[in-house]
Amino acid sequence: ELVRCKAAYGASDPRTAQAARDLALFLVRQRVTADAGRALVEAIRMDENALGASHALTLGDVAELASVSPRERAEPLWIRASRTSDPLVAARALAALGQFRESAGNRPAAAKLYRDSLAKEEAGSGRDSPRVAVRLNALARVVEAEQAIPLLERALGINRSKLGPRHLETATAASNLANLLLATGKW
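Note that the coordinates shown come from a computational prediction; the quantities given were computed from them, not determined experimentally.

**Brief notes about the side chain of Ser 82**
Structurally, the position occupied by Ser 82 is in the loop between helix H5 (71-81) and helix H6 (87-103). Leave out the neighbours within four places in its chain, and Ser 82 touches Ala 90, Ala 93, Leu 94 and Leu 97.

Laid out in structure tokens, this is it:
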């Protein structure tokens, strides 16, 4: 389809960019990351030509490229993707950057990024979506226990109501909360 679109519409047409994006996302799902990366670079180039460097689709493709890139190349891509107008892509990018800061031991920077990610996620998927619960769990890992407990209680409540009491994410939130309560002596 990509070859056909290039021949029919040219390399700067949004339809060609969509074909490149479709190929890249297929390769990502197949875990063919090197080929997916090359296809995403091509899709981004086409997006930039057809839509502009700051268009939401362009920055969505930048986020996909970041997800299949080595850390040293991924971080600037995540930073770029975090500037998108699409709150769900921004939430994903900010969460990835928060993970980088968390793994580097910079909990205050990670907490800020996770809070920003949470705000974007709430704007994009709703205040009580399961994706918000994931963001709450991440934030709870890097803040003090007294701040983390209400975050985990909220995540558990969301998961129970949206996913059900027997879902794996619900069990994970319950376990995280229980472990934190035990660690802080709140039997």
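**Here's the deal with the side chain of Asp 47**
You can see Asp 47 is positioned in helix H3 (residues 33-50). Residues in contact with Asp 47, not counting those within four places in the same chain, are Ala 17, Arg 21, Gly 52, Leu 57, Thr 58 and Asp 61.

**Points about the nonpolar core**
Core analysis: the biggest nonpolar cluster contains 23 residues, and Val 62, Leu 65, Trp 78 and Ala 81 have the highest contact counts within it. Of all the secondary structure elements, the ones that give two or more residues to this core are helix H2 (14-29), H3, helix H4 (56-67), H5 and H6. Among the elements that make up this core, the one with the highest residue count is H6 (6 residues). When sequence neighbours within four positions are dropped, the list of residues in contact with Val 62 reads Ile 44, Leu 77, Arg 80 and Ala 81. Among the nonpolar cores identified, the runner-up in size contains 22 residues, and Ala 133, Leu 139, Ala 148 and Leu 156 belong to it.

**Description of the packing of aromatic side chains**
Considering all chains together, one arrives at 0 aromatic pairs under this definition. Cation over ring: Arg 15 sits above Tyr 9, and NZ or CZ is 3.7 Å from the ring centre.

**A look at the pattern of salt bridges**
In total, this model carries 16 salt bridges according to the counting rule given. A salt bridge links Glu 121 to Arg 131; the nearest nitrogen and oxygen atoms lie 3.0 Å apart. Here Arg 131 lies in helix H8 (residues 130-142) and Glu 121 lies in helix H7 (residues 107-125), a separation of 10 residues in the sequence. A relative accessible area of 0% places Glu 121 in the buried class. Across the pair Arg 154 and Glu 122 runs a salt bridge whose closest N-O atoms are separated by 2.7 Å. On the criterion of sequence distance, the pair formed by Arg 154 in helix H9 (residues 145-163) and Glu 122 in helix H7 is long-range, its members being 32 residues apart. One network of salt bridges, with partners in common, ties together Arg 21, Asp 47 and Asp 61.

**Considering the environment of Ala 39**
If you trace the backbone, Ala 39 turns up in helix H3. We classify Ala 39 as buried; its relative accessible area is 8%. Distance from Ala 39 to Arg 115, taken between C-alpha atoms, is 32 Å for residues 76 residues apart in sequence. Here Ala 39 is in contact with Ala 20, Leu 23, Ala 24 and Leu 27, once residues within four sequence places are set aside.

Calculation notes
- Residues numbered from 1 in each chain as written.
- Predicted model: local features only at pLDDT ≥ 70, side-chain atom pairs only at ≥ 80, totals over all residues.
- Heavy atoms only, no water.
- Helix = DSSP H or I, 4+ residues; strand = E, 2+ residues; numbered from the N terminus.
- Contact = heavy atoms within 4.5 Å.
- Core = buried A, V, L, I, M, F, W, Y, C linked by side-chain atoms within 4.5 Å.
- Buried < 20%, exposed > 50% of the residue type's maximum accessible area, 1.4 Å probe, protein only.
- Phe/Tyr/Trp six-rings, centres within 6.5 Å; stacked < 30°, edge-to-face > 60°.
- Lys NZ or Arg CZ within 6 Å of the ring centre and 35° of its normal.
- Salt bridge = Lys/Arg side-chain N within 4 Å of Asp/Glu carboxyl O.

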